[in-house]
Amino acid sequence: MSISQATLSDRTEGGIGSEFWRGMRSCTPVLLGIVPYALVLGAQAAQKGLSPVEVPLMTGLNFAGGSEFAAIQLWTSPPHVLLIVAITFLVNSRHLLMGAALAPFLRHLPRRKVFPALFLMCDESWALGLADARKRAAAGIGPAFSLPYYAGASIPFYLAWVVFTGLGAALGPVLGDVEAYGFDMAFPAVFLVLLAGMWKGVAAARPWLVSLVVAALVYLLVPGAWYVAAGALSGLVAAYFLAGDA
Amino acid sequence: MIDPVNLLAIVLMASVTYLTRIGGYVILRNRTLSPRATAVMEAAPGCVLISVIAPDFVSDNPADLAALAITVLAATRLSMLPTVIVAIASAGVLRHLIG
């Protein structure tokens, strides 16, 4: 690091507290957006028979919304444990790529800090942390990845997720049957918005179409929740073969 | 209020999720994935999500299908919260009108 960079870093690198606040400020808009999403998940989980203790336990230990929505959709009493775990892994396999992308920015941190930090890595905190690290690297601020900023961006998010999913589970039964009002349509809506966010053009979405068609056919023809595994796997096989002509 | 099988499912879910979070850092840190492996991993979350909601696309209720079509349009144009509101409102109204 050159002297000018060191000076810049002395000047711009705030204390841990101010970095934490900077992170909190940048995650506030996202925070407001997840509250209804968390309430809907909690309410739907309660309808599937999960208690107001089990719901925050799940969202607090797992902390990965997409996989929780998928798991709740498939939840039965008792649940098909292996199916739910396999689906959770498939939905969250993107974390592998996210962690690999973040890894070069984490070299200055000891593992005892990296491992807890990665527990809080979700789509939102990852995007904020990585964007901030790239911006700081371009500005010559070192270290590029600010752990207190990342903590400020992810801890409120974590707390809000656990609290509002728990609240949704407690309030859900009071609201009654969510289907009567059309609230169940919130599920496909959430999934479709997530899919739109992952959209990278028609070519990249071809495996999704394969998944949709296979899952729909299996759903119509085979009883049980096999349609999810069948649809997901056929999509992955399609992705594998379609990648060849890219 | 904790069912043992539910607890088992939750703990195993949380374990595989945490493995995906540290796995990229621990294993893929110093490796480059083949384009094929990258394509499969990038497609995976979308394939799962669309499979989970596939039954909604073959619903036998015309009101639900119409609401789903409106929701698809909304999802491509709006952010999370407005899309969810449009979806709930269209399903609620259409079920009363057609359902």
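Per an unreviewed UniProt entry, the recorded name for chain B is AzlD family protein, and the organism is Aminobacter carboxidus.

An unreviewed UniProt entry annotates chain A as 4-azaleucine resistance transporter AzlC originating from Aminobacter carboxidus. Turning to chain A, the UniProt annotation filed under Sequence similarities (unreviewed entry) states: "Belongs to the AzlC family." As stated in UniProt under Subcellular location (unreviewed entry), the record for chain A gives "Cell membrane".

A. Molecular detail of the overall build of chain B. A count of helices and strands for chain B gives 5 helices and 0 strands. In chain B, the succession of α and β elements from N to C terminus is α-α-α-α-α. The C-alpha atoms of chain B give 19 Å as radius of gyration, which overshoots the globular expectation for 99 residues (13 Å, by more than 25%). Its C-alpha atoms give chain B principal-axis dimensions of about 55 × 45 × 25 Å. For chain B, the residues scored as buried account for 43% of the 99 residues in total.

B. Here's a closer look at the overall build of chain A. Within chain A, the regular secondary structure consists of 12 helices and 0 strands. Element order for chain A, N to C, with α for helix and β for strand: α-α-α-α-α-α-α-α-α-α-α-α. With respect to the principal axes defined by its C-alpha atoms, chain A has extents near 70 × 50 × 30 Å. Looking at chain A as a whole, 48% of its 246 residues are labelled buried.

C. Seen up close, the packing of helix 10 (residues 186–198) of chain A against helix 2 (residues 35–52) of chain B. As a packed pair, helix 10 of chain A and helix 2 of chain B sit with axes 10 Å apart at the nearest point and diverge in direction by 155°. In terms of orientation, helix 10 of chain A lies roughly antiparallel with respect to helix 2 of chain B. Judged by the twist between their axes, the crossing of helix 10 of chain A over helix 2 of chain B is left-handed. Here A:Phe191, A:Leu194, A:Leu195 and A:Met198 of helix 10 of chain A lie close against helix 2 of chain B, whose contacting residues are B:Pro45, B:Gly46, B:Leu49, B:Ile50 and B:Val52. Class assignment for the residues of the contact of helix 10 of chain A with helix 2 of chain B results in 8 nonpolar, 1 polar and no charged.

D. Broad picture of the interface of chain A and chain B. The interface of chain A with chain B comprises 78 residues on the first partner and 59 residues on the second. Considering each element in turn, the side of chain A that touches chain B owes the most residues, 12 residues, to helix 10 of chain A. In the side of chain A that touches chain B, the residues fall into 61 nonpolar, 15 polar and 2 charged.

Definitions and cut-offs
Residues numbered from 1 in each chain as written. Chains lettered and ligands numbered in written order. Predicted model: local features only at pLDDT ≥ 70, side-chain atom pairs only at ≥ 80, totals over all residues. UniProt positions renumbered as here; feature names shortened; annotations may be inferred. Helix = DSSP H or I, 4+ residues; strand = E, 2+ residues; numbered from the N terminus. Rg over C-alpha atoms; globule rule 2.2 N^0.38 Å. Buried ≥ 20, exposed ≤ 12 C-beta atoms within 10 Å, placed from the backbone. Axes fitted to C-alpha atoms, helices over the stretch in contact; angles between N-to-C directions. Parallel < 35°, antiparallel > 145°, perpendicular 65-115°, else oblique. Left-handed = near helix turned anticlockwise from the far one by under 90°. Contact = placed C-beta atoms within 7 Å. Nonpolar A, V, L, I, M, F, W, Y, C, P; charged D, E, K, R; others polar.

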